[in-house]
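# Descriptive analysis of the structure
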Amino acid sequence: MERQSAISPGEQGRALWLSTIAFTACFAVWTIFSIIGVRIKQELGLSETQFGLLVGTPILTGSLIRVVLGIWTDYYGGRRVFSLVMLAGAGATFLLSYAQTYPQMLLAALGVGIAGGSFAVGVAYVSRWYPAGKQGTALGIFGAGNVGAAVTKFVAPFVLIAYGWQSVAQIWAAGLVVMAVLFWLGTADDPVIVERRRTGERPKSAWLELEPLKNVQVWRFSLYYFFVFGAFVALSLWLPQYLIGVYGLDIKAAGMIAAFYSVPASIFRAYGGHLSDKYGARRVMYWTFLVSIGCTFLLSYPPTDYVVKGISGPIAFHTEVSLPVFIGLVFVLGFFMSLGKAAVFKHIPVYYPQNVGAVGGLVGMIGGLGGFILPIAFGVLNDLTGIWTSCFMLLFLIVTVSLVWMHMAVRTMEEGVAGKELAKLPQLPEMQPIHSPELAGALTGKTLQDWRPEDPQFWAQSGRAIARRNLFISIPSLLLSFAVWMVWSVVVAKLPSVGFKFSTDQLFWLAALPGLSGATLRVFYAFMPPIFGGRLWTTVATWSLMLPAVGIGYAVRDPNTPYVVFLGLALLCGFGGGNFASSMANISFFFPKSEKGNALALNAGLGNLGVSVVQFVIPLVITAGVFGALGGEPQLATEAGRTTQLWLQNAGFVWVPFIAVSAFAAWFGMNDIASMKASFAEQAVIFRRRHNWVMCWLYTGTFGSFIGYSAAFPLVAKTQFPEVNALQLAFLGPLVGALSRSFTGWIADRFGGGRVTLWVFVLMMAGVGGALFGLAQHSFPVFFASFLVLFFATGVGNASTFQMIPAIMRKEIPRLEPQLGPGEQVKQAEKESAAIIGFTSAVAAYGAFFIPKAYGSSIAATGGIEAALYGFLGFYVTCVLLTWAVYTRRGGLLWDVERVRSASPVAAQPAS
């Protein structure tokens, strides 16, 4: 730091302590709903999920704006940005006192969350005042401002009882205004800003600020912070409600105990910074995760009665975490969380001294999102499982994953030193005497070292045959993945008839959860083939389908199977959804650009047929005992007053032999490509590409609609037209969508993907209008025909959007990467296109969750699905406008490409 030697201790001290006090005030405002939310919940009669959303909404705003505020701090200085953040948060908090309805509360809560963004500002501001050897301690002291949560829990209950929750909001807002004034008057601009003014240096581009975000360790730090900070915020918000519900305490006592948790989880952060400076952040992180695993495991154990058949008779005993033990465990958990928060942020100014705002903002944002997502998840788990300790079960899972990932990263780094020498050794020790250098790696897998699909001679002699073999093995594997992913779309419609007492909302949750987990897994699966190799990953991903297939087969045989088991199996079905991203990314590497689109269309379109196959096959196989005694006894099903026998377990078991065959075929028949290897960091460049996010939005409109309508249509038709046996027809929609995707790619090739996509969304708007008309007339033929139009349009759009991605990147890479030669630009475009294809498919797959859930919420709120359909219609309008504005208007990116296709290399790009 240029001016470090000229900084006086007084300047450092004022910057640190006033920042810490200001952050404490901001944190007190940020967590205000942890106390006043309890009273608002009582006044408005909110459910657990609604309460979780209310207390989490400020956390969402405060998290999402952290990256932006961090960049602004790097640009304009922390003194100015910090003061403005406090004033904005104060204004929103004051207006909160005038809110009366639940939507008004949520809107005000979004503004209150601005105060939470102050963390990213403070980290960047404080770190600039200290050298690297003292930044851990300084940031630890600053981070102790988390104690603001305890301030709210100590003081707010008394103000609330005496004057009402509105007074709490007004007093907290006034305090934040006073703090903003004191901070502005008492601090100075940081040394970097002063030096810039002296030299006239301009801050670098915001895009360069985001450059470090492509490094995988930044995202790993974010996961750690999701637990140590996000879970801390979530528990700060949730504990008063938990203590009142579990131990029957009043709000004052619950607030005091929750504050008892918040204090050690805040003030000891400074000590964590000192320990990180002295002993190393890694050691502190290990202790944090290990102790947290123990604490969350004990806290997650619900009150349980046991009866043991002893020698002299039954022996009964009861286990439960008492209130004193609970307080002790929470205190220990909070203490080690505070150490972990400091340890995570010890890394950032050391490794990213020029990007503390951006990197700290991202890590803080992900951590803050934990404070938003987890309270909602706690409420949802309570509603779904009926178990209070389910919140700690979720935290146990998160911290375990964090520890495993950290340990694997450390071990990989340590073993990497000997990696090259290790690779030279034979597969078995007894082969070493005859293991010559040319045999190194001979048994490590079927890797194609020389792969030149753009070379016509190579492609004709051997390349095409190898690529097609890999494609033809990939297609059935992907078809099975879609089948397992969508199996609940049929099974849920049959569960009530065989004796399962689940509500309509619970059934829609089962139909929606595979979409949620599948979409989330796609985010990771999209990057796996270049990291592990397509052959290995396809094999492992296919074998993983066994878990949900076998699990469903056993679970549906007993109507007494707990609902939570079905929830777990529904989440496991997401393995099938995740496979699409890795399959498409893998196949895209095998084919030249002249055949890539057609290959992707066949892989995706015929793979999508799995949705239609599952909705056609399952209604047939559940009517007979095709597995004999191995399949188990049939169930009695009663529908429309008629009782029949069903083997519902066949819905899971029928896929088992095909999964095994497909997995063996992948291992023995597919190949890895040596030049395909790429780390996550190399692929993560797509997160800086604007068109990646635009295409995520558009592909959500096409594929998200396809998979969401596929998952929900059987249940929607059953609820809206109970007199029609729609299950026999449900497979036709996905069949039309899959076939239209497979065989309409030539349309995008001829007229351009952008133009086709634009008209696809217009057609989808018409389809939604027809569905609404069919509902109004209660005409199933009109309703069903409208959905067939929608499915057809989604298939055409799935092909046209994927056709757009390579065309976009081939045009953009020369501008984005001018330092690369022509050949390298082509390779970079191909690599980024594959990654974008995988990532967009991941984002779009959330349609499999949101569409069924939107239907369920619409039915719960209005009694029909019309509200959900109007929401989909509005979304398609945005897709039309976005496609036109960015790509197809005169001057749009693809305007010239799509109007001179006959003379352009892009013209040879078939669609998918």
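How each quantity is defined
- Residues numbered from 1 in each chain as written.
- Predicted model: local features only at pLDDT ≥ 70, side-chain atom pairs only at ≥ 80, totals over all residues.
- Heavy atoms only, no water.
- Helix = DSSP H or I, 4+ residues; strand = E, 2+ residues; numbered from the N terminus.
- Buried < 20%, exposed > 50% of the residue type's maximum accessible area, 1.4 Å probe, protein only.
- Contact = heavy atoms within 4.5 Å.
- Areas by Shrake-Rupley, 256 points an atom, 1.4 Å probe, with all protein chains shown as cover.
- Core = buried A, V, L, I, M, F, W, Y, C linked by side-chain atoms within 4.5 Å.
- Polar contact = N/O pair within 3.5 Å; in protein donor to acceptor, adjacent residues only side chain to side chain.
- Phe/Tyr/Trp six-rings, centres within 6.5 Å; stacked < 30°, edge-to-face > 60°.
- Lys NZ or Arg CZ within 6 Å of the ring centre and 35° of its normal.
- Axes fitted to C-alpha atoms, helices over the stretch in contact; angles between N-to-C directions.
- Parallel < 35°, antiparallel > 145°, perpendicular 65-115°, else oblique.
- Left-handed = near helix turned anticlockwise from the far one by under 90°.
- Nonpolar A, V, L, I, M, F, W, Y, C, P; charged D, E, K, R; others polar.
- pLDDT = per-residue confidence, 0-100.
- Salt bridge = Lys/Arg side-chain N within 4 Å of Asp/Glu carboxyl O.
- Patch = residues over 30% accessible without salt bridge, like charges linked within 9 Å, V, L, I, M, F, W, Y side chains within 5 Å.

### Considerations on the overall build of the protein chain
Summing up its helical and strand segments, the protein chain has 42 helices and six strands in all. By residue count, 58% of the 912 residues in the protein chain fall in the buried class. In the protein chain, the proportion of contacts linking residues at least 24 apart, taken out of those at least 6 apart, comes to 84%. Total accessible area on the protein chain is roughly 35,500 Å²; 68% of this is exposed by carbon and sulfur atoms.

### Description of unusual backbone geometry
Even without a glycine there, the phi angle at H778 is positive, about 50°. Mapped onto the fold, H778 is located in the loop between α37 (753-776) and α38 (780-816). Since its relative accessible area comes to 45%, H778 is described here as partly exposed.

### A closer look at the nonpolar core
In terms of nonpolar packing, the biggest core is built from 268 residues, with W488, L495 and Y855 touching the most fellow members. Examining the composition of this core, we find that 18 residues originate from one element, helix α13 (residues 216-247), more than from any other. Beyond its immediate stretch of four places on either side in the chain, W488 contacts L495, L510, P514, I552, F566, L569, A570 and C573.

### Some remarks on helix α11 (residues 191-199)
Along α11, the positions that sit buried rather than exposed are P191, V192, I193, E195 and R196. Of the surrounding secondary structure, the elements contacted by the buried residues of α11 are α4 (66-76). A distance of 3.0 Å separates the backbone nitrogen of V192 from a side-chain oxygen at the start of α11, and that oxygen is part of D190.

### Observations concerning the packing of aromatic side chains
Under the criterion given, the structure shown has 45 aromatic pairs. Taken together, a centroid distance of 5.8 Å and an interplanar angle of 85° make the contact between Y242 and W388 edge-to-face. Of this pair, Y242 sits in helix α13 while W388 sits in the loop between α19 (356-385) and α20 (390-415), and the two are 146 residues apart along the sequence. On the numbers, 5.6 Å between centres and 15° between planes, the contact of F780 with F784 is stacked. With a gap of four residues between them, F780 and F784 both fall in helix α38, about one helical turn apart. Per residue, the accessibility class of F780 equals that of F784, and both read buried. The side chain of K341 reaches across the aromatic face of F232, ending 3.6 Å from its centre. Its guanidinium or amino end placed over the ring of W667, R535 lies 3.7 Å from that ring's centre, counting from NZ or CZ.

### A look at the environment of F591
Tracing the chain through its elements places F591 in the loop between α29 (574-588) and α30 (593-621). In this structure, the C-alpha to C-alpha distance between F591 and R464, residues 127 residues apart in sequence, is 7.8 Å.

### Remarks on the packing of α29 against helix α39 (residues 822-844)
Look at α29 against α39: their axes get within 8 Å of each other, and the N-to-C directions meet at 165°. Classified by the angle between their axes, α29 and α39 sit roughly antiparallel to one another. Classified by chirality, the crossing of α39 by α29 is right-handed. Note on element contacts: α39 touches α29 through A834, I837, G838 and S841, opposite F580, A581, M584, A585 and S588. Looking at the contact of α29 with α39, its residues break down into six nonpolar, three polar and no charged.

### A look at the confidence of the model for the protein chain
In the predicted model, the protein chain carries a mean pLDDT of 79, and 85% of its residues have values of at least 70. Counting contacts from residues 205-210, a segment whose pLDDT is below 50, to residues more than four positions away or on other chains yields 15 contacts. Scored below 50 in pLDDT, residues 901-912 shows 50 contacts in the model against residues more than four places distant or in partner chains.

### Concerning the pattern of salt bridges
Counted under the stated rule, the structure contains seven salt bridges. Here R79 and D189 are joined by a salt bridge, their closest N and O atoms 3.9 Å apart. With R79 in helix α5 (residues 78-96) and D189 in the loop between α10 (165-186) and α11, the pair connects residues that are 110 residues apart, well separated along the chain. Taken together, the shared-partner salt bridges connect R689, E817 and E832 into one network.

### Considerations on the side chain of S292
Of note, S292 is situated in helix α17 (residues 281-300). What makes S292 buried here is its relative accessible area of 0%. A polar side-chain atom of S292 sits 2.7 Å from the main-chain carbonyl oxygen of T288. Apart from residues no more than four positions distant in its own chain, S292 is found in contact with F227, L333 and V399.

### A word on a nonpolar patch on the surface
A cluster of nonpolar side chains, namely F532, L536, V540, W543, F664, W667 and F668, defines an oily patch on the protein surface of about 680 Å² accessible area. Listed by contribution, the elements that provide at least two residues to the nonpolar patch are α26 (534-543) and α32 (656-669).

### Focus: the environment of L471
Tracing the backbone through its elements, the reader meets L471 in helix α22 (residues 456-485). In sequence terms L471 and S583 are 112 residues apart; their C-alpha atoms lie 9.4 Å from each other. Here L471 is in contact with I587, F591, A599, L602 and N603, once residues within four sequence places are set aside.

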